[in-house]
Amino acid sequence: MSKSNDQISDQQSCRLSIVVPVFNEEENLDKLFEELQKTLNATGLTWEILFVDDGSKDGSWVKIRKLCEANKCIRGIRFSRNFGHQYALFAGLVQTKGDAVVTMDADLQHPPDVIPRMIETWESGNKIVNSARIEPRKLPLYKKVTSKLYYKVFSFLSGIPIESGMADFRLLDRKVVDHILLFREEGLFLRGIVQTLGYTSATIEYQCQDRFKGVSKYTLSRMIKFAWTGITSFSIVPLRISIILGIFTSFVAFYQLGDAIYVKLFTDRAVPGWASAIGIVSLMFGILFILMGIIGEYIGRILIEVRGRPRYLVQEHAGFNIFEKGRL
Ligand code: UDP
Ligand code: MG
């Protein structure tokens, strides 16, 4: 590492901060640091890296501590347990000192050599530099399709345009970071928040790499949970679905009633049998329960919000001086 970077990073400010959430990424950290160091030193800017250990069960924290001891420009935070990727990113943003902050994954899927292009775009006046991945060929078809579909649904429901390849690999200006830190909500969905802020932004494309070591931490169930949190954090349209369905089913009911009266008064046919009635009643009950579930989900979110519990707990710091540790 360049000596000048080490000296300046030790002070209160630096030009660029890198935030990396880490969950069982022991085998990736050395390689990531090596690549970041090479790329960042070549930019000529002063920089720091912040690793946020999101309750790893492997040796990630030991590795982070070692890296912090050997390099003054690295700091680490360790959560008391796994609180989730989004909170790890947020906790990292809280601690950053840089004029610009880059958030990226620890698994080298986000290649460090994209950062200089991000810096260039930032220096030319963009306060937010998003990235759009060009998918690796290996990605399963169902992942590509569901991701595209999800972001289309999300954008439709929330009115916030997000492209499917926009992950949490982006550069944010200091001002933007300070504004993101004002969002104190539960169910954090940074992808959505960043798109609502305004500011001049640009998107750069990059070739997404395969994970260097280990496996993805986003299992199918976690992905569904994350997707649902995103929608319910940003849109109340699902609640309005009940009104639309209510109007529609009322029309059907009125039509059926009118038909029954007409048949009784003006024909000698019997009112059609009970099977259709039972069918419609069970359909209505099914829809009703789904809608009650959706309402319950939002009420649950309100409960979590009003309880106001801490969103994450920091158990340990590494590489921090005594004054910095108070900033949770
Ligand atoms: N991660 C985290 N907490 C979690 C899950 C993931 O901090 O609960 C980190 C993980 O270590 C990685 C990044 O978030 O640095 C993205 O996770 P992953 O690569 O598993 O997701 P994928 O790229 O497969 O969508
Ligand atoms: Mg990954």
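Preceding block: the structure.
What comes next concerns the included structure.

Conventions and cut-offs
All residue numbers refer to positions counted from 1 along the written sequence of the respective chain. Here the convention is simple: chains get letters from A, ligands get numbers from 1, in the order in which they are written. In keeping with the predicted nature of the model, local features appear solely for residues at pLDDT of at least 70, side-chain atom pairs appear and are counted solely at 80 or more, and the whole-chain, interface and lining totals rest on all residues. Hydrogens and water molecules were not included; the side-chain quantities draw on all heavy atoms of the structure. Only protein chains enter the accessibility calculation, which uses a 1.4 Å probe; a residue whose area is less than 20% of its type maximum is buried, one above 50% is exposed, and one in between is partly exposed. Only DSSP runs of H or I covering at least 4 residues are called helices, and only runs of E covering at least 2 are called strands; the numbering of each starts at the N terminus. For two strands to pair, DSSP has to find at least two bridges joining them. Think of it like this: strands point away, you trace from the first strand over the helix to the second, and a clockwise trace means the crossover is right-handed. Only N, O and S atoms count as donors, using a 2.8 Å limit from the metal and a wider 3.2 Å limit for Na, K and Ca, and since water is excluded some coordination spheres may look unfilled. Here a residue is near a molecule or strand as soon as one of its heavy atoms is found within 4 Å of it. Identification of polar contacts relies on pairs of N or O atoms within 3.5 Å, with a donor-acceptor requirement for protein atoms, meaning one able to donate a hydrogen and the other able to accept it, and with residues adjacent in sequence counted only if both atoms are side-chain atoms. To be clear on the numbers: accessible area is Shrake-Rupley with a 1.4 Å probe, and residue cover counts the displayed protein chains and nothing else. What makes a salt bridge here is a side-chain nitrogen of Lys or Arg within 4 Å of a carboxyl oxygen of Asp or Glu, nothing more. Centres within 6.5 Å make a pair out of two Phe, Tyr or Trp rings, where for Trp the six-membered ring is used; the pair is then stacked when the planes are under 30 degrees apart, edge-to-face when over 60, and tilted otherwise. Any cysteine sulfur atom paired with another within 2.5 Å is treated as part of a disulfide. Among the buried residues, those of types Ala, Val, Leu, Ile, Met, Phe, Trp, Tyr and Cys that are joined through side-chain atoms within 4.5 Å form a nonpolar core. Axis lines are fitted through C-alpha atoms, for helices just across the contact stretch, and the angle between N-to-C directions can take any value from 0 to 180 degrees.

A word on the pairing of strand E1 (residues 14-22). Of all 9 residues making up E1, 8 are buried, and the element is well covered by its neighbours. As defined by bridge partners, E1 adjoins strand E4 (residues 98-103) across 5 bridges and the pair is classed as parallel. From the neighbouring strand, Val19 faces E4, where its bridge partner is Thr103. After leaving E1, the chain enters helix H2 (residues 26-43) and then returns to the sheet as strand E2 (residues 47-53), a path that is right-handed.

Within the protein, the magnesium ion (ligand 2) binds to Asp107 (OD) and Gln109 (OE1); these donor distances fall in the range 1.9 to 2.0 Å. We classify Asp107 as buried; its relative accessible area is 3%.

Lining the immediate surroundings of ligand 1 are 17 residues, of which Glu25, Asp54, Asp107, Ser216 and Lys217 lie closest. A distance of 2.6 Å is found between a nitrogen atom of ligand 1 and a side-chain nitrogen or oxygen belonging to Asp54. Residue Arg211 places a side-chain N or O atom 2.9 Å away from an oxygen atom belonging to ligand 1. Notes on ligand 1: free accessible area 530 Å², of which the protein chains cover 90%.

Evaluation of the coordinates by the stated rule reveals 13 salt bridges. Measuring nitrogen to oxygen at the nearest pair gives 3.3 Å for the salt bridge that ties Asp30 to Lys63. Placement of Asp30 in helix H2 and of Lys63 in helix H3 (residues 60-70) is noted, with a sequence separation of 33 residues between them. Arg174 serves as the salt-bridge partner of Asp178, at 3.3 Å between the closest nitrogen and oxygen. In this pair, Asp178 and Arg174 both sit in helix H7 (residues 174-180), 4 residues apart, roughly one turn of the helix. Residue class for Arg174 comes out buried when judged on its relative accessible area of 18%. Each of Glu25, Asp107, Arg211 and Lys217 takes part in one network of salt bridges that share partners.

So, on to the packing of aromatic side chains. Counting across every chain of the model gives 12 aromatic pairs. Ring geometry for Phe189 and Phe226: centres 5.1 Å apart, planes at 55°, overall tilted. Taken together, the residues Phe189 in the loop between H7 and helix H8 (190-196) and Phe226 in helix H9 (residues 220-234) connect sequence positions 37 residues apart. In textbook terms, an aromatic cluster arises when at least three aromatic residues are bridged by ring pairs, as seen for Tyr150, Tyr151, Phe154, Phe189, Tyr218, Phe226 and Phe234.

Turning to the state of the cysteines, a few remarks are in order. All chains considered together, the criterion is met by 0 disulfides. Of all cysteine sulfurs in the structure, the one in Cys73 sits closest to Cys68, which takes part in no disulfide; the separation is 9.3 Å.

Here we take up the nonpolar core. If you look at soluble globular proteins, the nonpolar side chains tend to sit buried side by side. Counting 39 residues, the largest nonpolar core has Phe79, Phe154, Ile180 and Tyr312 as its most contacted members. Of all the elements in the fold, those that place two or more residues in this core are E2, strand E3 (74-79), helix H4 (85-95), helix H6 (141-158), H7, H8 and H9. Per-element tally for this core: the top contributor is H4, with 7 residues.

If you walk across this open sheet you meet the 8 strands as E7-E5-E6-E4-E1-E2-E3-E8, and the pairing is mixed. Whereas interior strands pair on both sides, the edge strands pair on one side only; in this sheet they are strand E7 (201-207) and strand E8 (314-318). Averaged over all neighbouring strand pairs, the angle between strand axes comes to 20°, with direction disregarded. In terms of strand pairing, E3 meets E8 through 4 bridges, oriented antiparallel. Within E8, the residue paired with Phe79 across the bridge is Val314.

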